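The primary structure of each chain is shown beneath.
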Amino acid sequence: MDLGLGGRRYLLTGASRGLGFATARALVEDGARVLLSARSRESVDAAVAALGGAPAASGVVADLADPGDAERLVEAATDRLGGVDGALVSVGGPAPGTVLGTAEEDWRAGVDSVLLGPLRLVRALVPHLGAGSVIAFVLSTSVREPLDGLAVSNGLRPGLAMTAKGLADELGPRGVRVVGLMPGTIATDRTATLYGEEGMARAAEGIPLRRVGQPEEFGRVAAFLLSPAASYVTGTMVAVDGGRLRTP
Ligand SMILES: NC(=O)c1ccc[n+]([C@@H]2O[C@H](COP(=O)([O-])OP(=O)(O)OC[C@H]3O[C@@H](n4cnc5c(N)ncnc54)[C@H](OP(=O)(O)O)[C@@H]3O)[C@@H](O)[C@H]2O)c1
């Protein structure tokens, strides 16, 4: 199947590593052009180089938690790509902790990056999107089920999923799609730091496929949802979790 990605232009945030980078790679491999962003210059440059550089890939340093960066990022994307056909909105995950054990400043930092960061980006981007374009949010299975020790994620992701649903209603009449992705446990720097080797092995035991996912398994699903091949998919959350969620 041809996903129709050839020549299409995507902005990806939080994409120098992990799930965002895997999505950028899948898009570029199918002929799309990407502008990726993250906070550190070194990691952005390394990611762009790993994708073969211009014209397929370029990068911008931006922090989604910084209120000034969304407009700048969208401007860079429209300038360098000559327009935007879609965006993958990912940010670093919030601090771990329990509900009562998480300090207010960590809740606030989570709201700034996980909730307001994506919202600001979308606000800046929407005026540039035409019919056939798409926004995909990287969320978590915590949209549907709480994760142990990730109170901020459990508190914020369900709200962002409903925000994505509302946005799909608002943008659908213009032919713009909005989807959310719910990764389960995928082997990235974040999960290695959060769970360690033993924790990842334990997590695998609770997954029907009996293994954690690989970033490229996530990237391929995200690239499909961002592609014209998924033209009738909007307003929905897609799990990439090896079957772990207890809801269908
Ligand atoms: N991996 C999983 O199994 C899993 C499961 C559920 C949910 N998630 C969620 O999916 C998202 C991506 O996870 P991941 O595993 O890919 O994480 P990761 O390996 O830590 O990569 C995060 C990426 O985002 C960038 N980043 C971090 N904070 C940012 C910010 N404020 N603004 C812009 N870029 C930022 C990082 O680069 P810099 O540090 O240079 O900015 C990096 O490129 C996170 O929100 C995570 O909570 C992941």
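Coordinates for the structure precede this section.
Asks: What am I meant to see in the overall build of the chain here?
Replies: Broken down by element type, the chain carries seven helices and seven strands. If you line up the chain on its principal axes, its C-alpha atoms span 45 × 40 × 40 Å. A burial count over the chain gives 46% of its 248 residues as buried.

Asks: What should I look at first to understand the packing of helix H4 (residues 104-125) against helix H5 (residues 151-171) in this one?
Replies: Axis angle and axis distance: for two packed helices, these are the angle between their axes and the distance between the axes, and together they describe the pair. Contact pair H4 / H5: the axes reach a minimum separation of 10 Å and the direction vectors enclose 15°. As far as their axial angle goes, H5 and H4 are roughly parallel. The interaxial crossing formed by H4 with H5 has right-handed handedness. For the pair H4 and H5, contact is made by Asp106, Trp107, Gly110, Val111, Val114, Leu115, Pro118 and Val122 and by Val152, Leu156, Gly159, Leu160 and Leu167, respectively.

Asks: What am I meant to see in the pairing of strand S1 (residues 9-12) here?
Replies: Across a regular strand the side chains alternate sides, sitting on one face of the sheet and then on the other. Residue alternation in S1 divides its side chains into two sets, Arg9 and Leu11 and Tyr10 and Leu12, and both sets are buried. In this fold, S1 hands off to helix H1 (residues 18-29), which returns the chain to strand S2 (residues 33-38); that crossover is right-handed. With three bridges connecting them, S1 and strand S4 (residues 86-89) associate as parallel partners. Across the sheet, Tyr10 pairs through a bridge with Gly86, a residue of S4.

Asks: Looking at this structure, I do not really get the site of the ligand. What am I missing?
Replies: The ligand sits among 29 residues. The nearest are Gly14, Gly18, Arg39, Gly92 and Gly93. When contributions to the shell around the ligand are tallied by element, the ones reaching two or more residues are H1 and helix H6 (189-205). Residues that form the shell around the ligand fall into these classes: nine nonpolar, 15 polar and five charged.

Asks: I tried to follow the pairing of S2 on my own but got confused; where do I start?
Replies: Of all six residues that make up S2, six are buried, and the element is covered over most of its length. Burial of the side chains of S2 extends over both faces: Arg33, Leu35 and Ser37 are buried on one face and Val34, Leu36 and Ala38 on the other. Sheet analysis places S2 next to strand S3 (residues 57-61), joined by five bridges and oriented parallel. Residue pairing across strands places Val34 opposite Ala57, the latter belonging to S3. Between the parallel elements S2 and S3, the chain passes through helix H2 (residues 41-50) in a crossover that is right-handed.

Asks: I tried to follow unusual backbone geometry on my own but got confused; where do I start?
Replies: Among all residues save glycine, negative phi is the norm, and among peptide bonds the norm is trans. The linkage connecting Ala54 with the following residue, Pro55, adopts the cis geometry, with an omega of 0°. Of note, Pro55 is situated in the loop between H2 and S3. The phi dihedral of Arg210 falls on the positive side, at around 60°, and the residue is not glycine. Turning to its location among the elements, Arg210 is positioned in the loop between H6 and helix H7 (215-226).

Asks: Quick question: what am I supposed to make of the packing of helix H3 (residues 69-81) against H4 here?
Replies: Relative to each other, H3 and H4 sit at 45°, their axes nearing to 8 Å. Relative to H4, the element H3 is oriented oblique. As H3 runs across H4, the sense of the crossing is right-handed. Side by side, H3 and H4 meet where Ala70, Glu71, Leu73 and Val74 of the first sit next to Arg120, Leu121, Ala124 and Leu125 of the second. Residues of the contact of H3 with H4, tallied by class, amount to six nonpolar, no polar and two charged.

What counts as what
Once a new chain begins, its residue numbering starts again from 1 and follows that chain's sequence as written. At least 70 in pLDDT is required for a residue's local features to be given in this predicted model, at least 80 for side-chain atom pairs to be given and counted, and no such filter applies to totals for whole chains, interfaces and linings, which use all residues. Only DSSP runs of H or I reaching four residues or more are called helices, and only runs of E reaching two or more are called strands; each is numbered from the N terminus. Labels follow a simple rule on C-beta atoms placed from the backbone: if 20 or more others lie within 10 Å of a residue's own, it is buried; if 12 or fewer, it is exposed; otherwise it is partly exposed. For helices, the fitted axis covers only the stretch in contact; all axes are lines through C-alpha atoms, and the angles between them, taken along N-to-C directions, range from 0 to 180 degrees. Roughly parallel covers angles under 35 degrees, roughly antiparallel covers those over 145, roughly perpendicular covers 65 to 115, and oblique covers all other angles. Two helices that cross are described as forming a left-handed crossing if the nearer one is turned anticlockwise from the farther one by less than a right angle, and a right-handed crossing if clockwise. Each residue gets a C-beta atom placed from its backbone, and two residues are in contact if those atoms lie within 7 Å. Looking down the strands as they point away from you, a crossover is right-handed if its path from the first strand over the helix to the second goes clockwise. Paired strands are those between which DSSP finds at least two bridges. For each residue, a C-beta position is placed from the backbone atoms; the residue is near a molecule or strand when that point lies within 6 Å of it. Think of it as three bins: nonpolar holds Ala, Val, Leu, Ile, Met, Phe, Trp, Tyr, Cys and Pro, charged holds Asp, Glu, Lys and Arg, and polar takes everything else, Gly as well.

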